[in-house]
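Given next are the chains, with one letter for each unit.
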Amino acid sequence: GVMLGSEYRFLTRRQAGTFNLDYLPDDNEDDRDRWLGRIRHQARLAPNWTSRLNFNRVSDEDYFLDLGNDLESSSIQFLRSDFSIAGRGQFWQMQTTFDTFQVLDRDVREDREPYDRLPRVEFDGDWPLPAGLAFRLNSEAVYFERSEGVTGLRLDALPELALRVVRPGWVFEPAVGLRGTAYSLEDSESGDDNPARMQPILSMDGGLVFERRTASGRLQTLEPRAFYLYVPGREQEDLPLFDTRELTFSFAQLFQTNRFSGADRQTDANQ
């Protein structure tokens, strides 16, 4: 049948947005109205505070299979919508996010669908202290919601004390932290609705910097680096897996304190 595609855009000093609506009335194949709605909106609420909205919905699971115009859109399994408010100060930043998913793949079981996070609150800080010390904090509170399976609240915090020594030609940064993760669950598979984990994290990062000018005038550098990480092992099998997976190995991951994304798992290490 005949399909209408529409777009409305606006831009002001504090806001910008795009609204899209595609509408196919009375589809000749199955006698139903079909539509796609999208909203993109961002605003500056205050000098250091912003909001962002990304809303996506379709009328049915087969919308992109029938009406998508490329392979990428026709293979979408989950359609994400999210709204966030973020702010920052001199030594801290905070973000609150609400995100949900529309499942488009009929082969995905209800207990394998992604979790809605309603909400997710992140607070990170890095405060300088005397004598080259720094106090850092990475923290998160998330409520995970889904129609099937375990749901509940996860609290995670990693306070850390670090010393950064920078001198001509070399740098050295030891750090010690204590990561705590606690849950308040519903329908827990292990029977424990309030599991928790506490792990100390010790790391030492150091490197040398060699520089020289080549005959052509370019700057050539050689920067050998060494990183040591110690994290004692903890039993984690009773903790749920909400949003955590093992990361793909890469060069950058050599210098991280966890090989997992998300807070449900923390790697143990002595390497």
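Our subject is the structure listed above.
What comes next concerns the included structure. Remember, predicted model here, so these are calculated numbers, not experimental data.

1. Quick word on the overall build of the protein chain
Counting its regular elements, the protein chain contains two helices and 18 strands. Each principal axis of the C-alpha distribution contributes one length, and for the protein chain these read about 70 × 60 × 40 Å. Within the protein chain, contacts between residues separated by at least 24 positions form 49% of all contacts whose residues are at least 6 apart in sequence. When the accessible area of the protein chain is evaluated, it comes to approximately 17100 Å², of which 52% is carbon and sulfur surface.

2. Quick look at the packing of aromatic side chains
With the rule as written, the count across this model stands at 14 aromatic pairs. Plain terms: the ring middles of Tyr115 and Phe242 are 4.9 Å apart, the flat faces sit at 90° to each other, and that makes the pair edge-to-face. Linking Tyr115 in the loop between strand S6 (92-103) and strand S7 (116-128) with Phe242 in the loop between strand S15 (225-231) and strand S16 (245-246), this pair joins segments that are 127 residues apart in sequence. Directly above the aromatic system of Tyr115 lies the positively charged group of Arg146, at a separation of 4.1 Å from the ring centroid. Sitting above the plane of the Phe255 ring, Arg225 keeps its charged end 3.7 Å from the centroid.

3. Side note on the nonpolar core
Of all hydrophobic cores here, the largest spans eight residues; its members are Tyr115, Val142, Phe144, Val150, Tyr183, Leu185, Leu239 and Phe242. Residue assignment for this core shows that the elements contributing at least two residues are strand S8 (133-145) and strand S11 (170-186).

4. As for a negative patch on the surface
On the surface, Glu145, Glu186, Asp187, Asp192, Asp193, Glu235, Glu237 and Asp238 cluster together into a patch of negative charge. Structurally, the position occupied by Glu145 is in strand S8. Looking at Glu145, the relative accessible area reads 31%, which means it is partly exposed.

5. Examining the pairing of strand S9 (residues 151-163)
Examined bridge by bridge, S8 and S9 share twelve bridges and lie antiparallel to one another. When the sheet's bridge partners are listed, Asn138 is paired in S9 with Leu158. Two strands pair when backbone bridges link them, and S9 and S11 are joined in this way by ten bridges, in the antiparallel orientation. Across the sheet, the residue bridging to Ala157 is Gly180, located in S11.

6. Description of the side chain of Thr244
By secondary structure assignment, the location of Thr244 is in the loop between S15 and S16. A distance of 3.2 Å separates the side chain of Thr244 from the backbone oxygen of Ser261, its partner in a polar contact. Among the polar contacts listed, one links the side chain of Thr244 to the side chain of Asp264, at a separation of 3.1 Å. If we ignore the near neighbours within four places in the chain, the residues touching Thr244 are Arg154, Phe260, Ser261, Gly262, Ala263, Asp264 and Arg265.

7. Brief notes about the pattern of salt bridges
Counted according to the given criterion, the structure contains 24 salt bridges. The salt bridge involving Asp243 is made with Arg154; its shortest N-O contact spans 2.9 Å. Taken as a pair, Asp243 in the loop between S15 and S16 and Arg154 in strand S9 lie far apart in primary sequence, 89 residues in all. Under the relative-accessibility criterion, Asp243 is labelled partly exposed at 26%. Residues joined in a network through salt bridges with shared partners are Arg80, Asp82, Asp99, Arg117, Arg120, Glu122, Glu140, Arg154, Asp243 and Asp264.

8. Remarks on the environment of Asp156
Along the chain, the position of Asp156 falls in strand S9. Look at Asp156 and you get buried, because its relative accessible area is 9%. Measuring from C-alpha to C-alpha, the distance between Asp156 and Met198 comes to 9.9 Å, with 42 residues separating the pair along the chain. Once residues lying within four places of it in the same chain are set aside, the contact partners of Asp156 are Asn138, Ser139, Glu140, Arg179, Gly180, Thr181, Arg197 and Ala263. A polar contact of 2.6 Å, which involves the side chain of Asp156, links it to the side chain of Thr181.

9. Examining the pairing of S11
In this structure, strand S10 (residues 165-167) lies alongside S11, joined through three bridges in antiparallel fashion. Directly across from Arg167, in S11, lies its bridge partner Trp170. Where S10 folds back onto S11 in an antiparallel hairpin, the turn is made up of two residues, including Gly169, whose phi is positive at roughly 95°. Bridge analysis of S11 against strand S12 (residues 196-208) gives 13 bridges, and the strand direction is antiparallel. Its bridge partner lying in S12, Leu178 is registered against Pro200.

Thresholds, definitions, all that
- Residues numbered from 1 in each chain as written.
- Predicted model: local features only at pLDDT ≥ 70, side-chain atom pairs only at ≥ 80, totals over all residues.
- Heavy atoms only, no water.
- Helix = DSSP H or I, 4+ residues; strand = E, 2+ residues; numbered from the N terminus.
- Contact = heavy atoms within 4.5 Å.
- Areas by Shrake-Rupley, 256 points an atom, 1.4 Å probe, with all protein chains shown as cover.
- Phe/Tyr/Trp six-rings, centres within 6.5 Å; stacked < 30°, edge-to-face > 60°.
- Lys NZ or Arg CZ within 6 Å of the ring centre and 35° of its normal.
- Core = buried A, V, L, I, M, F, W, Y, C linked by side-chain atoms within 4.5 Å.
- Buried < 20%, exposed > 50% of the residue type's maximum accessible area, 1.4 Å probe, protein only.
- Patch = residues over 30% accessible without salt bridge, like charges linked within 9 Å, V, L, I, M, F, W, Y side chains within 5 Å.
- Salt bridge = Lys/Arg side-chain N within 4 Å of Asp/Glu carboxyl O.
- Lys, Arg positive; Asp, Glu negative; His and termini not counted.
- Charge placed at Lys NZ, Arg CZ, Asp CG, Glu CD.
- Pairing = 2+ DSSP bridges.
- Polar contact = N/O pair within 3.5 Å; in protein donor to acceptor, adjacent residues only side chain to side chain.

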